[in-house]
Amino acid sequence: MRFDLQIIASWIEPGAKVLDLGCGEGNLLYYLTETKGIRGTGIERREDKVAQCIASGLSVLQGDLNTEVADYPDHAFDYVILSQTLQQVYEPASLIGELLRIGRRVIVSFPNFAHWRNRLQLLWAGRAPVSEHLPYEWHDTPNIRVITVRDFKRFTRRMGIRVVKEVAINTHHHNEQGHIVHFLANLRATYGIFLLGSGGGGEGR
Amino acid sequence: MSEYLSELDPGAASVGVVEKKFYTCAAPPSCLVLESGARFGPVTIAYETYGTLAPGRDNVVLILHALTGDSHVAGRYRADDAKPGWWEIMVGPGKGIDTDRYFVICSNILGGCMGSSGPSSINPATGEPYGLDFPVVTIGDMVTAQKALLDHLGISRLLAVIGGSVGGMQVLEWCVRFPEMVAGAIPLATTPRHSALAIAFNEVARQSIMADPNWNQGNYYGAAKPNMGLAVARMIGHVTYLSDEAMRRKFGRQLQDRSSFSFNFDADFQVESYLRYQGTKFVERFDANSFLYLTKAADYFDLADRGEGSLAAAFAKARARFLVVSFTSDWLYPTARSRKMVQAMKKSGLDVSFCEIEAEWGHDAFLLPSPRLSELIRGFLDRLEREERRQAARGEGGHAL
């Protein structure tokens, strides 16, 4: 499983109700169901991936995550996960607001565009960065947002979103392995992962 | 539904030779109280079962057939029957609904003409067929009759209820009427209520039957039958089961057995010839009055009635896990209808999966071979079985082994 998903999985307590947006083939949901007995639901756009998930015993809805989340009542989930999808969302602010409505906690992970390799490519080659983590050319990338760890923190402050936990990671070996970056995270991390909670106040359970 | 037997693989595994059985209940002085308020009895239900009932009675799959289907889901009545049951591709050893693992039950719906009580059945009070003296029945009444059959068979828990189209309506009805009995539900290519468009097509089909002089206010048994009216009704139905794309591919504007127009009203085009053939074939096996009753039941159905007008409130009564499936080219019960149901289920906190299968064959797609559909159903049933066993082991739910 991808290293960022391993971190996310470690944040979720057994038996929790979890919504995974853009769940793909359901790796994270399957892992959490098997190891932590969570009650999970996934949302995925592609029919083949949805079918693969359902066939393996997961509850998954085929649809667009932006519209699908609107149907859920307030606090329907303990955790809502948006992993490596935020950079493809048209209206990130309203989506995150909606996720904080339906989930007690929201976990967001995204590729850090401010990683030093990206900066060097732009600076020395003068080209839009292409890397293992951002494998697309400017004309075929689904990533319509350029996000950095620092930008996202600024965003949470401006929106009044409480950051319960944050981790910056550096991954290698097809993103399966990695380590947590403590020093100069915005320069050295390939991904940022944030645990968000709605409103201020003390730490939840 | 249509006939697609050319698609069958003759070498595939089958449940083999099966038998249609009958159960009669609600005989006077007892009776079935129908949704209309009418009291009706006796009620005969024709049904078939495949596979073996597990000692814990925890492997029951109830299949609910569509408008013109019957209890004959799979296998053959005689080894040399030309045709197997209508869902032979899905139900059998090792298939999507695996009869090596599950005990499958299907009964003919109330109001039908394939062995269960319907307008063509003999009214014991007169010794003549009921005709229009048969009471108007609803999807809810069909489910009441199915429940009576299950009580008779000593089954109190269903691993899954599965049905497409009008069968899917019965699935929904089961889930909100008897929530404690249903572990899982698979409504396929269905709708929580008929649109004006769907009602309109049904009404045109009914008018076609009633306009046939042989119909005679439903009193045609033992005389010439309203075959023309029923055939046209079937032709209309058939068009709604296909899709623009499917018809273009299958027929286009190709002519039937001729190279130029006849300049009269023969069946010039292949599509005309096909519809005429489907109509003629249908009248051999179906009763015109049953067609009136069953289409009316489908038109009356509105699941929101079970929630005082709210679909979400209706689903709030359900306890089942759901797998909802729609097909891209189905314009009779389009994906938007399924999404509406899914939306209401989400609002009610139900566990639901939804998949829209890319298929060009229109509403009928749910009856056609689809590895995708088989894979979805197999995986979903597998999960239900695991969860039921786990729950039983924990002694929850009051239906432990």
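In this text, all values refer to a predicted model and were calculated from it rather than measured experimentally. (Residues numbered from 1 in each chain as written. Chains lettered and ligands numbered in written order. Predicted model: local features only at pLDDT ≥ 70, side-chain atom pairs only at ≥ 80, totals over all residues. Heavy atoms only, no water.)

Undergrad: For this particular structure, what's the right way to read the overall build of chain B?
TA: Within chain B, the secondary structure is distributed over ten helices and 14 strands. Over its C-alpha atoms chain B spans a radius of gyration of 21 Å, differing by no more than 12% from the 21 Å that the globule rule assigns to 401 residues. Principal axes of the C-alpha set define a box for chain B whose edges measure 75 × 50 × 45 Å. Split into buried and exposed, the 401 residues of chain B put 57% on the buried side. Looking at chain B alone, contacts between residues at least 24 apart form 73% of all its contacts between residues at least 6 apart. Just so you have it, chain B exposes about 16,300 Å², and 52% of that area is on carbon and sulfur atoms. For chain B, the centre of its 41 positive side-chain charges and the centre of its 45 negative side-chain charges are spaced 5 Å apart. (Helix = DSSP H or I, 4+ residues; strand = E, 2+ residues; numbered from the N terminus. Rg over C-alpha atoms; globule rule 2.2 N^0.38 Å. Buried < 20%, exposed > 50% of the residue type's maximum accessible area, 1.4 Å probe, protein only. Contact = heavy atoms within 4.5 Å. Areas by Shrake-Rupley, 256 points an atom, 1.4 Å probe, with all protein chains shown as cover. Lys, Arg positive; Asp, Glu negative; His and termini not counted. Charge placed at Lys NZ, Arg CZ, Asp CG, Glu CD.)

Undergrad: Could you clarify how one ought to interpret the overall build of chain A in this entry?
TA: Helices and strands together make up the secondary structure of chain A, namely eight helices and eight strands. Taking 17 Å as the expected radius of gyration for a compact globule of 205 residues, we find that chain A reaches 17 Å, a close match to that expectation. With the principal axes as the frame, chain A shows a C-alpha extent of 50 × 40 × 30 Å. Classification of the 205 residues of chain A by burial places 52% in the buried group. Long-range contacts, defined here as pairs at least 24 residues apart, represent 68% of the contacts in chain A between residues at least 6 apart.

Undergrad: Is there a simple way to explain the confidence of the model for chain A in this structure?
TA: It should be kept in mind that the predicted coordinates are not to be read in detail where pLDDT is low. Across chain A, the average pLDDT comes to 92, with 96% of residues at 70 or higher. Low pLDDT (under 50) marks residues 200-205 of chain A, which in the prediction has ten contacts with non-local residues, meaning those over four places away or in another chain. (pLDDT = per-residue confidence, 0-100.)

Undergrad: Help me understand the interface of chain A and chain B in this model?
TA: Interfaces are frequently sized by the accessible area removed from exposure as the parts join. Contacts between the two partners involve 18 residues from chain A and, on the opposite side, 21 residues from chain B. Summing the contributions of chain A and of chain B, the shared interface buries around 1,700 Å²; its carbon and sulfur component is 48%. Counting across the interface, chain A meets chain B through four salt bridges. Where Arg339 of chain B meets Glu68 of chain A, a salt bridge forms, and the shortest distance between an N and an O atom there is 3.1 Å. On the surface where chain A and chain B come into contact, there are 14 residue pairs in polar contact (both at pLDDT 80 or more). Contributions of two or more residues to the side of chain A that touches chain B are made by α3 (47-55) and β3 (60-62) of chain A. (Buried area = accessible area lost by both parts, 1.4 Å probe. Salt bridge = Lys/Arg side-chain N within 4 Å of Asp/Glu carboxyl O. Polar contact = N/O pair within 3.5 Å; in protein donor to acceptor, adjacent residues only side chain to side chain.)

Undergrad: I keep staring at the nonpolar core and nothing clicks. Help me out?
TA: Across soluble globular proteins, nonpolar side chains have a tendency to be buried as a group. By size, the foremost hydrophobic cluster in this structure holds 110 residues, and its most contacted members are Phe152 of chain A together with Val161, Trp174, Phe315 and Phe322 of chain B. Apart from residues lying up to four places away in sequence, Phe152 of chain A is in contact with Leu86, Ile96, Val108, Phe110, Ile147, Phe194 and Leu196 of chain A. The next biggest cluster of nonpolar side chains, apart from the first, holds 65 residues, and it includes Leu5 and Cys53 of chain A together with Val73 and Trp87 of chain B. (Core = buried A, V, L, I, M, F, W, Y, C linked by side-chain atoms within 4.5 Å.)

Undergrad: Looking at this structure, I do not really get the packing of helix α3 (residues 196-211) of chain B against helix α7 (residues 288-300) of chain B. What am I missing?
TA: Working note: a packed helix pair is described by the angle between its axes plus the distance between those axes. Residues and elements named next belong to chain B. In the contact formed by α3 and α7, the axes pass within 10 Å of each other and the chain directions differ by 160 degrees. Classed by the angle they form, the pair α3 and α7 counts as roughly antiparallel. Between α3 and α7 the crossing geometry is left-handed. Where α3 abuts α7, its residues Ala198, Ile199, Asn202, Ala205, Arg206, Ile209 and Met210 lie against Ala288, Phe291, Leu292, Thr295, Lys296, Ala298 and Asp299. Split into classes, the residues belonging to the contact of α3 with α7 amount to nine nonpolar, two polar and three charged. (Axes fitted to C-alpha atoms, helices over the stretch in contact; angles between N-to-C directions. Parallel < 35°, antiparallel > 145°, perpendicular 65-115°, else oblique. Left-handed = near helix turned anticlockwise from the far one by under 90°. Nonpolar A, V, L, I, M, F, W, Y, C, P; charged D, E, K, R; others polar.)

Undergrad: What's the story with the side chain of Glu47 of chain A in this structure? I'm lost.
TA: By secondary structure assignment, the location of Glu47 of chain A is in helix α3. The exposure class assigned to Glu47 of chain A is buried, which follows from its relative accessible area of 15%. Of note is the side chain of Glu47 of chain A, whose polar atom sits 2.7 Å from the side chain of Arg372 of chain B. Not counting residues up to four positions away in its chain, the partners in contact with Glu47 of chain A are Gln62 of chain A together with Cys355, Glu356, Ile357, Glu358 and Arg372 of chain B.

Undergrad: Help me out: how do you make sense of the packing of aromatic side chains in this one?
TA: Within a pair of aromatic rings, the relevant descriptors are the distance that separates the centres and the angle that separates the planes. Residue and element names in this part refer to chain A. Here the structure, examined in full by the defined rule, presents 20 aromatic pairs over all chains. Plain terms: the ring middles of Phe110 and Phe194 are 5.9 Å apart, the flat faces sit at 15 degrees to each other, and that makes the pair stacked. A residue pair is termed long-range when its members are at least 10 positions apart, and Phe110 in strand β5 (residues 103-111) and Phe194 in strand β8 (residues 191-197) qualify at 84 residues. Comparing Phe110 with Phe194, the two get one shared label, buried. The ring of Phe77 carries Lys17 above its face, with NZ or CZ at 5.4 Å from the centroid. (Phe/Tyr/Trp six-rings, centres within 6.5 Å; stacked < 30°, edge-to-face > 60°. Lys NZ or Arg CZ within 6 Å of the ring centre and 35° of its normal.)

Undergrad: In this structure, what is going on with the pattern of salt bridges? I would like to understand it.
TA: Residue and element names in this part refer to chain B. Summed over all chains, the structure comprises 37 salt bridges over all chains. Here Glu245 makes a salt bridge to Arg249, at a shortest N to O gap of 3.4 Å. Note that Glu245 and Arg249 are positioned in helix α5 (residues 244-250) at a spacing of four residues, about one turn of the helix. A salt bridge links Arg321 to Asp351, with the shortest nitrogen-to-oxygen separation between them at 2.7 Å. With Arg321 in strand β13 (residues 321-327) and Asp351 in the loop between α9 (335-347) and β14 (352-357), the pair connects residues that are 30 residues apart, well separated along the chain. Relative accessible area serves as the criterion here: at 26%, Arg321 is assigned to the partly exposed category. The network of salt bridges with shared partners includes Asp58, Arg101, Asp382, Glu385, Arg386 and Arg389.

Undergrad: Is there a simple way to explain the side chain of Ser165 of chain B in this structure?
TA: All names here are of chain B. Inspection of the secondary structure puts Ser165 in the loop between β11 (160-164) and α2 (166-177). Look at Ser165 and you get buried, because its relative accessible area is 7%. Ignoring sequence-local partners within four residues, the contact set of Ser165 consists of Ala66, Leu188, Ala189, Thr190, Tyr333, His363 and Phe366.

Undergrad: Can you walk me through helix α7 (residues 149-159) of chain A in this structure?
TA: Side chains three or four residues apart in an α-helix point the same way, a direct result of the helix having 3.6 residues per turn. All names here are of chain A. The set of residues buried in α7 consists of Val149, Phe152, Phe155 and Thr156. An end-on view of α7 places all buried positions within 120 degrees of arc, on one side of the element. α7 presents Arg150, Arg157 and Arg158 as exposed residues on the side facing more than 90 degrees away from its buried surface. Each element contacted by the buried residues of α7 is listed here: α5 (92-102), β5, β6 (162-172), α8 (185-188) and β8. (Arc of directions from axis to C-beta.)

Undergrad: Please clarify how the pairing of strand β2 (residues 39-44) of chain A should be interpreted in this entry.
TA: On a regular strand, one side chain projects to one face of the sheet and the next to the other, so that they alternate. All names here are of chain A. Along β2, five of the six residues are buried, which leaves the element largely enclosed by surrounding structure. Judged from the three bridges that link them, β2 and β3 form a sheet pairing that is parallel. If you follow Gly42 over to β3, its bridge partner there is Val60. For the handedness criterion, the β-α-β arrangement of β2, α3 and β3 is classed as right-handed. (Pairing = 2+ DSSP bridges. Right-handed = clockwise from strand over helix to strand, strands pointing away.)

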